Amino acid sequence: MKKTIALDMDQVLADLVQEKLDRFNKKYDKQLTKKDMIGLTLVEKYPELKDEIYQMVNTYDFFRHLPVIEHSQEVVQELSEHYDIFIATAAMFAPESLQAKYEWLREHFSFIPPHNFIFCGVKSIVHTDYLIDDSLEQLEIFKGQGIMFSAPHNRYEDFDVKLDDWLHVRDYFMTAISMEK
């Protein structure tokens, strides 16, 4: 029986931060980059715009057109030969995202069956062997082996296993496979 990996969608497979910055910069005539967001979220930087930022993000269009994070497709495809892959996305925090996230996943990760998509709020209900996520809060409530995926907002967060990109994810899991043999 294969071990299981749950993958977060936002800022693990899909570049939510870049899309959010692009839209925010256009709307508010700013020039923010990911470097400006090291250690914080957009809401932490502009708390007075919390509601506006949420409205900007909680749309079908926002989630439907997110860029794919570099190397995620080929690495996830490769991992799916050795592990059962699930997508666990906290879609309930942005209810307008449900249909868009489903369509995005079908377009960009068509090799993962839709019955392996988990649309949830908190990920404590996810019972896989591993969870790759950018959210410390989600990782702390997960019962299996959590793996933090590096993102601008979690740069200063410490976690037992923290991987910088999808090439490091590949190395981590391929090493685990070779050690099991």
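Residues numbered from 1 in each chain as written. Predicted model: local features only at pLDDT ≥ 70, side-chain atom pairs only at ≥ 80, totals over all residues. Heavy atoms only, no water.

K.L.:
Explanation requested: the overall build of the protein in the structure shown.
P.N.:
Regarding its fold elements, the protein presents eight helices and six strands. Ordered by position from the N terminus, the helices and strands of the protein form the series β-α-α-α-α-α-β-α-β-β-α-β-β-α. Taken along its principal axes, the extent of the C-alpha atoms in the protein is 55 × 35 × 25 Å. Within the protein, the fraction of its 181 residues that count as buried is 47%. Of the contacts made within the protein by residues no fewer than 6 positions apart, 63% connect residues no fewer than 24 positions apart. Here the protein has roughly 9,400 Å² of accessible surface; of this, 50% comes from carbon and sulfur atoms. Side-chain charges in the protein split into 20 positive and 32 negative, and the spacing between the mean points of these groups amounts to 2 Å. (Helix = DSSP H or I, 4+ residues; strand = E, 2+ residues; numbered from the N terminus. Buried < 20%, exposed > 50% of the residue type's maximum accessible area, 1.4 Å probe, protein only. Contact = heavy atoms within 4.5 Å. Areas by Shrake-Rupley, 256 points an atom, 1.4 Å probe, with all protein chains shown as cover. Lys, Arg positive; Asp, Glu negative; His and termini not counted. Charge placed at Lys NZ, Arg CZ, Asp CG, Glu CD.)

K.L.:
Explain the pattern of salt bridges to me, please; I cannot follow it from the model alone.
P.N.:
Inspection of the entire model under this criterion finds nine salt bridges. We note a salt bridge from Glu107 to Arg64, for which the minimum N-O separation is 2.8 Å. Of this pair, Glu107 sits in helix 6 (residues 98-108) while Arg64 sits in helix 4 (residues 60-64); the two residues are 43 residues apart in sequence, bridging distant segments of the chain. The partner of Asp133 in a salt bridge is Lys123, with the nearest N and O atoms 2.6 Å apart. Here the residue Asp133 occupies a position in strand 4 (residues 130-133), and Lys123 occupies one in the loop between strand 3 (117-119) and strand 4, the gap between them amounting to ten residues. Exposure class is identical for Asp133 and Lys123. Each is buried. (Salt bridge = Lys/Arg side-chain N within 4 Å of Asp/Glu carboxyl O.)

K.L.:
What should I look at first to understand the domain arrangement of the protein in this one?
P.N.:
Much of the literature gives interface size as the accessible area that the parts lose upon coming together. Domain annotation for the protein reports domain 1 (4-15 + 68-180) and domain 2 (16-65). A straight line from the C-alpha centre of domain 1 to that of domain 2 covers 21 Å. Tallying the contact residues gives 19 residues for domain 1 and 16 residues for domain 2. Taking both partners together, domain 1 and domain 2 bury about 1,600 Å²; carbon and sulfur atoms supply 58% of that area. Our count for the contact surface shared by domain 1 and domain 2 stands at three salt bridges. The partner of Lys34 in a salt bridge is Asp15, with the nearest N and O atoms 2.7 Å apart. If you look at where domain 1 meets domain 2, you find 13 residue pairs in polar contact (both at pLDDT 80 or more). The residue inventory of the side of domain 1 that touches domain 2, partitioned by class, reads eight nonpolar, four polar and seven charged. (Domains from an automatic or database assignment. Buried area = accessible area lost by both parts, 1.4 Å probe. Polar contact = N/O pair within 3.5 Å; in protein donor to acceptor, adjacent residues only side chain to side chain. Nonpolar A, V, L, I, M, F, W, Y, C, P; charged D, E, K, R; others polar.)

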